[in-house]
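Here's the letter readout for the chains.
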Amino acid sequence: MFEYNQSAQEASALLRVVLQELGKHGLSPTPINYVLFYERALSRSPSFDRAFDAALESEDGLNEARARQLVDEFMLQGLMNELATAQDELKRILRGMMLQMLQTGNEFASYASSLGNYIRRLDTTSDSRFIRELTDEVIAETRGMQRSSVDTQQRFTQATQEIEKLRQELEEARREATTDALTGLPNRRAFGEFLTSIMDDSLKNATKMVLIIGDIDHFKQINDTYGHLVGDKVLRFTARTLLSQVKGQDLVCRFGGEEFAVILPQTTYTGGMALAEKLRSRIAASRLKLAESGKDLGELTISLGVACIRHDDTPESLIRRADRALYQAKHEGRNRVVGEDDLS
């Protein structure tokens with residue numbers, strides 16, 4: 001999985017199969033659905049095929065939650081397997097370098113011992129012929145040492161190049177595994193890592209930090225009315241807008257679906273509430289139009305919940321409070337900010 005090197009003709013044939021299957025099952029051609037059906041059409045992973053078929057045949061069918069679960073389980077896990085493979089290759093190179101250093105060290109030790117022996121032999125004679133023969137031996141052994149040094153240098157140069165290539169591959173694999181493909185934001189997996197790290201720092205240093213969770217209002221209606229491609233554009237626009245309003249160490253993530261999360265290190269509850277309101281008003285002030293027709297999509301709004309870290313918090317408890325605040329913002333009419341202090 002993950003490598004798509006089909007020709008244009010093969011890709012076109014697969015496209016027709018995928019669209020036919022999507023229509024057969026009454027599913028929209030969203031990016032997630034498309035890639036899942038594309039992988040099924042390729043039929044190159046028996047375990048994925050079984051899980052995919054089971055999801056289609058289940059009572060709920062291939063809903064959004066199950067589709068994302070399949071992506072996480074098979075596609076993101078595959079990227080993590082690539083990381084593990086690259087790490088094993090790096091260890092192999094490092095072991096080779098270590099052995100080469102030990103071998104070179106032994107060769108240098110032997111060379112030094114030979115030189116010492118030559119010195120002792122020189123002290124025992126003044127015969128010119130003997131000295132000339134001894135000199136020839138020293139030259140021969142020195143040249144052998146030079147060849148060994150050049151070979152070692154070449155091996156180290158090659159190993160360095162291999163390590164640099166692996167570093168780039170590791171970085172690329174990790175970036176793909178932790179980045180939301182649609183918006184370019186860190187994904188839910190990355191969010192969990194960032195949140196845990198920032199909370200640990202905050203609790204260790206007794207500083208404040210804030211979590212904001214936002215959800216685009218009436219997003220399902222946008223998808224149903226204008227289609228998923230327009231919905232994707234709304235998600236990308238929202239991501240760009242949120243990013244434009246944060247700074248420094250603040251982090252915006254795709255939390256899932258139409259939900260976004262903003263992590264604010266070294267921020268008080270009051271500061272977090274102020275930024276959340278700024279985000280809300282910025283989104284509400286935007287007017288989106290269809291590029292093809294110029295049709296106005298109407299008002300785009302977002303609801304946000306805010307929670308500040310407590311001394312006994314875990315990532316789960318902090319998320320839970322921010323999520324409860326978001327739910328209350330939705331319940332109170334949407335397009336508003338609710339903080340944990342306002343929870344009823």
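Now for a quick tour of the structure. Bear in mind that the values here come from a model prediction, so they are computed numbers and not experimental data.

Reading guide: rules and limits
Residues numbered from 1 in each chain as written. Predicted model: local features only at pLDDT ≥ 70, side-chain atom pairs only at ≥ 80, totals over all residues. Heavy atoms only, no water. Helix = DSSP H or I, 4+ residues; strand = E, 2+ residues; numbered from the N terminus. Buried < 20%, exposed > 50% of the residue type's maximum accessible area, 1.4 Å probe, protein only. Contact = heavy atoms within 4.5 Å. Areas by Shrake-Rupley, 256 points an atom, 1.4 Å probe, with all protein chains shown as cover. Phe/Tyr/Trp six-rings, centres within 6.5 Å; stacked < 30°, edge-to-face > 60°. Lys NZ or Arg CZ within 6 Å of the ring centre and 35° of its normal. Salt bridge = Lys/Arg side-chain N within 4 Å of Asp/Glu carboxyl O. Core = buried A, V, L, I, M, F, W, Y, C linked by side-chain atoms within 4.5 Å. Pairing = 2+ DSSP bridges.

1. A closer look at the overall build of the chain
Within the chain, the regular secondary structure consists of ten helices and seven strands. Within the chain, the fraction of its 344 residues that count as buried is 38%. The contacts in the chain between residues at least 6 apart in sequence include a share of 65% that link residues at least 24 apart. Total accessible area on the chain is roughly 20,100 Å²; 51% of this is exposed by carbon and sulfur atoms.

2. Comments concerning the packing of aromatic side chains
Taken as a whole and judged by the stated rule, the model has four aromatic pairs. Relative to F52, the ring of F37 lies with its centre 5.0 Å away and its plane at 90 degrees, an arrangement referred to as edge-to-face. Taken together, the residues span a long stretch of sequence, with F37 in helix α2 (residues 31-42) and F52 in helix α3 (residues 46-57) at a distance of 15 residues. Looking at F37, the relative accessible area reads 4%, which means it is buried. Note on F52: relative accessible area 1%, which makes it buried. Put simply, the rings of F37, F48 and F52 touch in pairs and so form one group of aromatic residues. Its guanidinium or amino end placed over the ring of F255, R188 lies 3.9 Å from that ring's centre, counting from NZ or CZ.

3. Here's the deal with the pattern of salt bridges
Oppositely charged side chains may form a pair once their charged atoms are brought near each other. All told, the structure shown has twelve salt bridges when counted by the stated rule. Of the charged contacts, one joins R254 and D180 as a salt bridge, the two residues approaching to 2.9 Å between their closest N and O atoms. Of this pair, R254 sits in strand β2 (residues 251-256) while D180 sits in the loop between α5 (128-177) and α6 (188-205), and the two are 74 residues apart along the sequence. With relative accessibility at 12%, the residue D180 sits in the buried group. Across the salt bridge formed by D224 and K220, the nearest N and O atoms sit 2.8 Å from each other. Residue D224 and its partner K220 are both found in helix α7 (residues 219-226); the two are separated by four residues, about one turn of the helix. Here K220 falls in the exposed class, since its relative accessible area comes to 60%. Residues joined by salt bridges that share partners form a network here, namely R310, D313, R321 and E340.

4. Some points on the nonpolar core
Within the largest apolar cluster, 32 residues are counted, with the highest numbers of intra-cluster contacts made by I212, I216, V234, F260, V262, L300 and V306. Looking at this core, the elements with two or more residues in it are β1 (209-216), α7, α8 (228-244), β3 (259-265), α9 (269-284) and β6 (302-308). In contact with V262, not counting residues within four places along its chain, are V210, L211, I212, V246, L251, V252 and L279.

5. With respect to the environment of K247
One can find K247 in the loop between α8 and β2. Here the alpha-carbon distance between K247 and L264, two residues 17 residues apart in the chain, equals 9.4 Å.

6. Some thoughts on the pairing of β1
Here β1 lies mainly inside the structure; eight of its eight residues are buried. The side-chain alternation of β1 yields two buried faces, one formed by M209, L211, I213 and D215 and the other by V210, I212, G214 and I216. Examined bridge by bridge, β1 and β3 share seven bridges and lie antiparallel to one another. In the sheet register, D215 faces β3, and the bridge partner there is E259. Relative to β6, β1 runs antiparallel, the two being bridged by seven bridges. Bridge pairing in β6 places I212 opposite V306.

Geometric descriptors of this kind do not, in isolation, establish any biological role.
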